[in-house]
Structure formats: structure tokens, C-alpha cells
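Understanding the architecture of this molecule
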Amino acid sequence: MGVSPSQDVGGGGSSGSSGSSGSSGSSGPAGSGGYQVHPQAMDAVAGQLSQVSADLQQAVGAYTAPVCYAASVFGEFGMDQAWSGFDTDWAAELTVTQRAVAELSSNVTATTANYRAAEATVAGSLATVGAAAGAAAGTGTGAAR
């Protein structure tokens, strides 16, 4: 899934539950050429990924000891070795998948925190600029008279 300008990220599109195109301090609709991120929706996704990771961790724990079958159970032609190889690879893939989902959850959480920090920084900068402009206008030293 790619993200392009004017795309709603982490939300439910323009028909979100809030009934407006912005949320939590967003400035302007995503259609104005910018990006729109919904940190609460990203938090929900991170939580879901974390739950999937926990479920996979339980599966990994339950699948620790492969079942040993007698070679005769599988018949001839090396089927017992094929099963053993598959079983070993499957256990390894469960572990790899669990780690990948856990990392994805962690990355979504970190990205959400970065969006929130950037939004706070921009809001603080805008407040400082607005206060300075207001002070300049009040003293008559502003550029526009």
C-alpha cells in the first residue's frame, strides 16, 4: 500500500466517524495537497498487530516439539524425511512471522509517536509565530500598516 499526497492515512477515509475531514489538530483536508494522519487509528492498528504477535508467540510455544512418527506411518519413498523437513521449516517460519509482526507493531507505534511529536512541534512553532505577529501588530511595528 503506497501513500500519496492527498491520501487519508490511518483513518477511515473522508467519511470518518467524526463527520469531518480533520482530526486531532489536523489543519485542512487531505484534498488540499497534504497528508492526513489519524494517530488514534494508527494506535488501534498497532494494538491489533501486537495482539497478532502475541497469538503467534503462543503458536510458537505450542509448536516447540515436533511430533515424531515412525517411518512406516508415511509409507515409502522418503516421505518421513520430507515431513520432518516441512515440520522443521514450519516451526522456523512461525518464529520469523511472529518476529516480523512484532517489529511491524513496534514500528507503527514509533511512527505514531513521531507524528504526534511533529504535530506538537509545528503547533508550538505556529503559536510562537502567531504571538510574535500579534505583538508586532499591537506595537505598530508590523510590516503591514
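Quick note: structure is the one above.
Described in the following lines is the structure provided in the data block. Quantities reported herein were computed from a predicted structural model and do not represent experimental measurements. (Residues numbered from 1 in each chain as written. Predicted model: local features only at pLDDT ≥ 70, side-chain atom pairs only at ≥ 80, totals over all residues. Heavy atoms only, no water.)

Further remarks concern the overall build of the protein. In terms of helices and strands, the protein carries two helices and two strands. If you list the helices and strands of the protein from N to C, you get β-β-α-α. In the protein, buried positions account for 14% of the 145 residues. Sequence separation of 24 or more characterises 72% of the internal contacts of the protein that already satisfy a separation of 6 or more. Here the protein has roughly 9,800 Å² of accessible surface; of this, 62% comes from carbon and sulfur atoms. (Helix = DSSP H or I, 4+ residues; strand = E, 2+ residues; numbered from the N terminus. Buried < 20%, exposed > 50% of the residue type's maximum accessible area, 1.4 Å probe, protein only. Contact = heavy atoms within 4.5 Å. Areas by Shrake-Rupley, 256 points an atom, 1.4 Å probe, with all protein chains shown as cover.)

Let us now look at the environment of Thr112. With respect to the helices, strands and loops of the structure, Thr112 is situated in helix H2 (residues 79-139). Judged by relative accessible area, which is 1%, Thr112 ranks as buried. In this structure the C-alpha to C-alpha distance between Thr112 and Asp43, which are 69 residues apart in sequence, comes to 7.1 Å. Ignoring any residue separated from it by four or fewer positions in sequence, one finds Thr112 in contact with Pro39, Met42 and Asp43.

Secondary-structure assignment places Ser53 in helix H1 (residues 39-62). At a separation of 3.0 Å, a polar atom in the side chain of Ser53 contacts the side chain of Gln98. Residues contacting Ser53, with those up to four places away along its chain left out, are Gln98, Val101 and Ala102. (Polar contact = N/O pair within 3.5 Å; in protein donor to acceptor, adjacent residues only side chain to side chain.)

The next thing to look at is the pattern of salt bridges. Applying the stated rule across the entire model yields one salt bridge. Note that Asp43 is salt-bridged to Arg116, the shortest N-O span being 2.8 Å. One end of the pair, Asp43, is in helix H1; the other, Arg116, is in helix H2, and 73 residues separate them in sequence. Relative accessible area serves as the criterion here: at 34%, Asp43 is assigned to the partly exposed category. (Salt bridge = Lys/Arg side-chain N within 4 Å of Asp/Glu carboxyl O.)

So yeah, pure geometry; function would need other evidence.
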